[in-house]
Every structure is written in structure tokens, then in C-alpha cells.
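Structural features, examined
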Amino acid sequence: MEQATAALDQLAILEERLKTVTRVMTSKAPIAQTPKELVWTLNKAKLYRYVPVVPPQERHPIPLLLVFALMNRPYILDLRPGHSFVEYLVGKGYDVYLLDWGAPGPEDKHLKFDDYTLEYMPRAIRKIKALSGVEELSILGWCIGAILTTIYAALRPDDGLRNLILLTAPLDFSNKEKLTFGRWTDEKYFDVDRILATFGNMPPEMIDYGAKALKPVENYIGNYIKLWDNLDNPQIVESWHAMNTWVRDNIPMTGGAFRQLIVDLYRNDRLMKGELVIRGERVDLSRLRANLLTVIAEGDHITPPCQSESVLGKVGSRDKELYRVHGGHIGIMAGNGAHKRTWPHVEGWLAPRSN
Amino acid sequence: MSDAEAAAAKQPDPMEKFHELRDAYLEIWSKHLIDTVNSDSYAQASGAALNSFLTATAPFKEPAEQAMLKTLQQLNVPTSADFAVLAGRFTNVEMQLDNLDAKLDRIEKLLSGAKPASPVQEVALKSAEASARPVAPRSARKTSQRNRPSLRTRGTPKKTTNAKPGRGNSRKRTK
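Criteria and cut-off values
- Residues numbered from 1 in each chain as written.
- Chains lettered and ligands numbered in written order.
- Predicted model: local features only at pLDDT ≥ 70, side-chain atom pairs only at ≥ 80, totals over all residues.
- Helix = DSSP H or I, 4+ residues; strand = E, 2+ residues; numbered from the N terminus.
- Buried ≥ 20, exposed ≤ 12 C-beta atoms within 10 Å, placed from the backbone.
- Rg over C-alpha atoms; globule rule 2.2 N^0.38 Å.
- Contact = placed C-beta atoms within 7 Å.
- Expected span 1.5 Å × (residues − 1).
- Bend = angle between axes of the 7 residues up to and from the residue.
- Axes fitted to C-alpha atoms, helices over the stretch in contact; angles between N-to-C directions.
- Parallel < 35°, antiparallel > 145°, perpendicular 65-115°, else oblique.
- Left-handed = near helix turned anticlockwise from the far one by under 90°.
- Nonpolar A, V, L, I, M, F, W, Y, C, P; charged D, E, K, R; others polar.
- Pairing = 2+ DSSP bridges.
- Core = buried A, V, L, I, M, F, W, Y, C linked by C-beta atoms within 7 Å.
- Right-handed = clockwise from strand over helix to strand, strands pointing away.
- pLDDT = per-residue confidence, 0-100.

1. Re the overall build of chain B
- For chain B, the count of helices and strands is 8 helices and 0 strands.
- Sequence-ordered secondary structure for chain B, helices as α and strands as β, is α-α-α-α-α-α-α-α.
- Out of the 175 residues in chain B, the part that is buried amounts to 5%.

Structure, rendered in C-alpha cells:
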């Protein structure tokens, strides 16, 4: 009898666990909860300003613009209450803006880095200056957002950019041995023009597969085992749920930008060689003079550290710093240890330079 | 803690060993697969698979697109190409509005007597605007020129609109 009761208890527990797994795998977690207002739009791009929570006299006067990658949603920076980089910065007295590139449609397939860096960014920045009443600003670029901000900073050094923070920035493509993406997209095997002729934009499923296939066991098995092992811990479950919501919410990358990423950067390393041309202007990294903080994730399999290290030797900034964090491409900013390591360091670097 | 509780706490979890074995097994597999995907042979195989997919779908893609195009045209329904053109026009209109917004901001700033930007910033702002400005068709340029005097009649002093952001001027205004 006792055994039967114990078995029934076990079954009830199992049922509860399965219900939790189904919930977190099939529903969307409440994400991007920090209050914000839409202040500017252009095509699919939107600029948000986060509602300040600190009295005006205690705020930093220099606003901060966050620029994320083109093929993922930017709310990874504002994942969930109590675990949001944006919330953290707003609480520290920053005037925070977020540039959301939006999901491109087939009509946007020709959009290139040229459009993002010389059309969208200058306009968004002008709006930030008009709203904040300050002629200078700081920009934080993450992943491909860091490529865009670097190009912009080098092309428009006199546009008021005071501080530049690059997170896991894939800028140097010279070390072919360490770049798995580079190997996959080598012109011997990967016909980028044929793919873009078929799809127009790079489909999100292919980008997602590419990112996950770099670490197949961790992404396709280990991730779910971690959830199963921690189903009794609501904190880990909710964290997993929020991250899974973000991971599944991929967007296409415009054909023009994807082609530049593969041909100009992965195959020919034109940015570091000083050969990248954007709307007829050569991108000369020595013209980048903003104060620079480069954050490298030591365990990054998407942007290996070798891709972000050498930029410090190329830029013209006098004030520059390289900060290494233990963690992965996303984990350094959205992982459980981010609020103890990366966020305080970034904020500590930015604070004296934002007054 | 009583002795019985301490003994219970010390009892080995039967699943612990299983978890250890599972994790060790997964780690070995992980390393093996990371090496595999990071090889030229994997890149070649994935490229070949992708090419096969594109080759297999190509014969169906174009005829399907042509058939859809003809059907939509016969039904007098806009095609995706039409929508793409329309979207481009909307974006262009948005840019024109953004340009107007920028001009209004600058006028508002001058009218409110705000401290003008430094010459370097002014030049930078102008160059950013120039690069951000889309190439408007001749007809659009004519329209914007026609609209210019109406701004003045709305109360903007002529001096302000014509003022060039020269080094000397801006310094005088700052003082």
C-alpha cells in the first residue's frame, strides 16, 4: 500500500514537471518590461527611450544608445525585471536609448551596412541629441551591432560620440583557423549569392541553425537537460524560460548586410585591413577617437576573443581598455553572473566619462 | 541533527552516479562534435547539402513565382513587388519627414536662444545630415524649394534662416 502511494506521488511529481516543461517550451515569457517610450521610427527601425527613475540632478548628462545585432531581438538587454541590463543602467541614472532594427521584410533585402550606419544611425543619433539637449553621447554595440557602431564611429568621428563600448565585437577576421563560421562560409562551399537569390533575406532558421551547430550538444541536448535537472528551482526555470523566449525569436538578416558580412568581413577581412568602403568612404579605424571599452567573452564560440583584441591597436582613441570576462557570447551580459561582473565594470567605466 | 537524519543525509543518491555518467558522456560527445563541425569536411558536406536543396527547389521556384504573378495580375491584385516599391516610397517619405523634423529642431533651438553648437559640431551635424539625406527626384526638390518661403512667412526671421554657421558668427552669438 505504501509503495503504491509512493508511486502515485512520484507520478504526480512527474506530471507537474512535464507541465512545467510544456509551459516554458511552448509559451513566451514576459520580457522587455522596463518602461519605455517610442521616440523615433524609420522603416522597421524604432528608437526607444527608457523612462528615467532617477531625479534629473542625479542623472548622467550624456545619453547612452544601445545597438544590438541585426538578426536577433534587442530585448536580450532588457530580458526580465531584476535581470535586465537596461533596468540596471536606468537605475544608475543613465538616459538610455535602444535602437531596435526590427524584422526586415522582402522589400528590405537590399539594405546594407551602408544604410544602417549612414542612414539610420545618424538620424537616430540626431533625435537623441534633440531629445536630451546634449551634443554628445555614448554608444554600446553588441555583436553585429558592434560592427555597425565601429563603422559609424570611424566614419563620423566628429558627430559627438564620446564613449564607445564594444561587446563581443567580431571585427578581426584574419585568424581563419579559429573562425568556424568563416570555414562554413568559405567560397569553396558556400554560394552566398545563390542563397540570397533564392531567399532574398537570410532566413532566421538558417542563422539559428548556424549559431546552435557551433556547439551542438550544449544547444540541442545540454540546454534541455539543464532545465530538467532544475525544475524544482523556480528561479532557474523562469530564467530559462526568458532566455528560451529570446533564443526562439529570431529575425531574418537583410540580404545586402549578410552578403557584406560574408564577403567583405569573413572572407576578405576588409575592416581591419582598412579596405572596407561604405558609400564611397573608406572606413579608417584610426579615425575612431572616442573613448573605447572592448569587452571580450573568454568562452565565446560565436565571436572568439581573437576577433575583438586587435581593434585596440588600430583605433585612434587615447583612452582605451580591454576587459575580459569569463563567459559566453550572450552569457556575459544575460547570464546569471552578468550583474556581478560585466554590468558593474561597464557602468564603472562609463560613469566618470558620462559627466 | 539526529543520528538518523545524518545517516539519511549521507545516503548516496542513486541518481547522482547516473548524472555523473551522463554529464561525462555528454562532455565527450560535445568535444567530439565541436571538432567535427569545425572541420573542412563538415563545411564541405553542409555546403553540398545546401546546394542540393537549392538545386532541388530551383525548378519549382521560378514557375511558381511566374504563375502567381500572372494570377495576381489577372485578378488586378498587387504583387509582392508592388508592395516592395510601395514600402520603399513610404521609407522615402519617412526620411523626408525626418529631414523636416531635423530642420524644425534646429529652428526651434535658434529661436529659443539656446547656445549654438560649436563650429566642429555644427560641421559634423551638417555632414551627418548631408549623408543621411536621400537623393530626392527633381520634382521633389522643386516642391521643397517652393515650400521654403512659407516657413519664413510663418514668423521665422529672415536673418535666422539665412545665417551661415560661420566661426565668427557662432562665437558672437555665444557671447
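That was the structure; now back to the text.
2. Here's the deal with the overall build of chain A
- A count of helices and strands for chain A gives 15 helices and 10 strands.
- Radius of gyration (C-alpha) of chain A: 21 Å, near the 20 Å computed for a compact globule of 355 residues.
- Each of the three principal axes of chain A carries a C-alpha extent, and together these read 80 × 60 × 35 Å.
- Across chain A, contacts joining residues at least 24 apart in sequence account for 80% of those joining residues at least 6 apart.

3. What to know about helix H3 (residues 40-74) of chain B
Residues and elements named next belong to chain B.
- Taking 1.5 Å of rise per residue, the 35 residues of H3 would be expected to cover 51 Å, and the 50 Å separating its terminal C-alpha atoms lies within 8% of that figure.
- Roughly 40° is the biggest bend found in H3, and it falls at Ala-58, with proline Pro-59 one to four residues downstream.
- The element H3 is barely covered by neighbouring structure, given that only 1 of its 35 residues are classed as buried.
- Positioned one or two residues after H3, Asn-76 has a phi angle of 60°, which is positive.

4. A closer look at the packing of helix H3 (residues 113-132) of chain A against helix H4 (residues 144-155) of chain A
Residues and elements named next belong to chain A.
- Two elements in contact, H3 and H4, have axes separated by 10 Å at closest approach and are oriented at 60°. One way to sum up the angle between H3 and H4 is to call them oblique. For the crossing formed where H3 meets H4, the hand is right-handed. Between H3 and H4, the residues in contact are Phe-113, Tyr-116, Thr-117, Leu-118 and Met-121 and Leu-148, Ile-151, Tyr-152 and Leu-155, respectively.

5. Some words on the interface of chain B and chain A
- Taken residue by residue, the interface counts 34 residues in chain B and 33 residues in chain A.
- Only helix H2 (14-37), H3, helix H4 (80-111) and helix H5 (119-132) of chain B provide two or more residues apiece to the side of chain B that touches chain A.
- Residues that form the side of chain B that touches chain A fall into these classes: 18 nonpolar, 11 polar and 5 charged.

6. Structural notes on the sheet that holds strand S2 (residues 45-50) of chain A
Residue and element names in this part refer to chain A.
- Taken in spatial order, the 8 strands make up an open sheet running S1-S2-S4-S3-S5-S6-S9-S10, and their pairing is mixed. Two strands close off the open sheet at either side, each with one partner strand: strand S1 (36-42) and strand S10 (320-325). Taking each pair of neighbouring strands and ignoring which way they run, the sheet shows an average axis angle of 20°.
- Relative to strand S4 (residues 96-100), strand S3 (residues 64-67) is paired through 4 bridges, and the arrangement is parallel. Among the inter-strand pairings, Val-67 is bridged to a residue of S4, identified as Leu-99.
- Each of S1, S2, S3, S4 and strand S5 (137-142) touches H3; the most contacted strand, S1, lies at about 140° to it.
- Set on the sheet, H4 makes contact with S3, S5 and strand S6 (161-167); between it and S5 the angle comes to about 140°.

7. A closer look at the nonpolar core
- Ranked by internal contacts, the top residues of the largest apolar core, which has 101 residues, are Leu-65, Leu-66, Val-96, Tyr-97 and Leu-99 of chain A.
- A total of 9 residues in this core trace back to one element, the largest contributor, which is H4 of chain A.

8. What to know about helix H10 (residues 255-267) of chain A
Residue and element names in this part refer to chain A.
- Among the residues of H10, those classed as buried are Gly-255, Gly-256, Ala-257, Phe-258, Arg-259, Leu-261, Ile-262, Leu-265 and Tyr-266.
- Where H10 is buried, its residues meet H3, helix H5 (180-184), helix H6 (192-199) and helix H11 (270-273).
- Asp-269 lies just past H10 and shows a positive phi near 50°.

9. Let's talk about the environment of Val-311 of chain A
Residue and element names in this part refer to chain A.
- Positionally, Val-311 belongs in helix H13 (residues 311-314).
- The spatial distance from the C-alpha of Val-311 to the C-alpha of Arg-279 is 22 Å, given a sequence separation of 32 residues.
- Dropping the residues within four chain positions of it, Val-311 is found in contact with Ala-169, Leu-171, Asp-172, Leu-285 and Thr-294.

10. Focus: the pairing of S4 of chain A
- For S4 of chain A, the tally of buried residues reaches 4 of 5 residues, placing the bulk of the element in the interior.
- With helix H2 (residues 85-91) of chain A bridging S3 of chain A and the parallel S4 of chain A, this β-α-β connection has right-handed handedness.

11. Quick notes on unusual backbone geometry
Residue and element names in this part refer to chain A.
- Despite not being glycine, Asn-43 shows a phi value in the positive range, around 55°.
- Locating Asn-43 in the fold gives a position in the loop between S1 and S2.
- Even without a glycine there, the phi angle at Cys-143 is positive, about 60°.
- Mapped onto the secondary structure, Cys-143 falls in the loop between S5 and H4.

12. Some words on the confidence of the model for chain B
Residue and element names in this part refer to chain B.
- Across chain B, pLDDT averages 72, with 58% of residues at or above 70.
- Taken element by element, the predicted model of chain B shows its lowest mean pLDDT in helix H7 (residues 158-162) (36) and its highest in H4 (93).
- Below a pLDDT of 50 lies the segment residues 134-175, which in the model reaches 21 contacts outside its immediate sequence neighbourhood of four places, other chains included.

13. Digging into the environment of Phe-83 of chain B
- By the element assignment, Phe-83 of chain B lies in helix H4.
- The exposure class assigned to Phe-83 of chain B is partly exposed, which follows from the 13 C-beta atoms found within 10 Å.
- Note: C-alpha distance between Phe-83 of chain B and Gln-44 of chain B (39 residues apart in sequence) is 38 Å.
- In contact with Phe-83 of chain B, other than residues within four places in its own chain, are Glu-107 of chain A together with Pro-78 of chain B.

14. Considering the environment of Lys-92 of chain A
- In this structure, Lys-92 of chain A sits in the loop between H2 and S4.
- As for Lys-92 of chain A and Leu-288 of chain A, which are separated by 196 residues in sequence, their C-alpha atoms are 27 Å apart.

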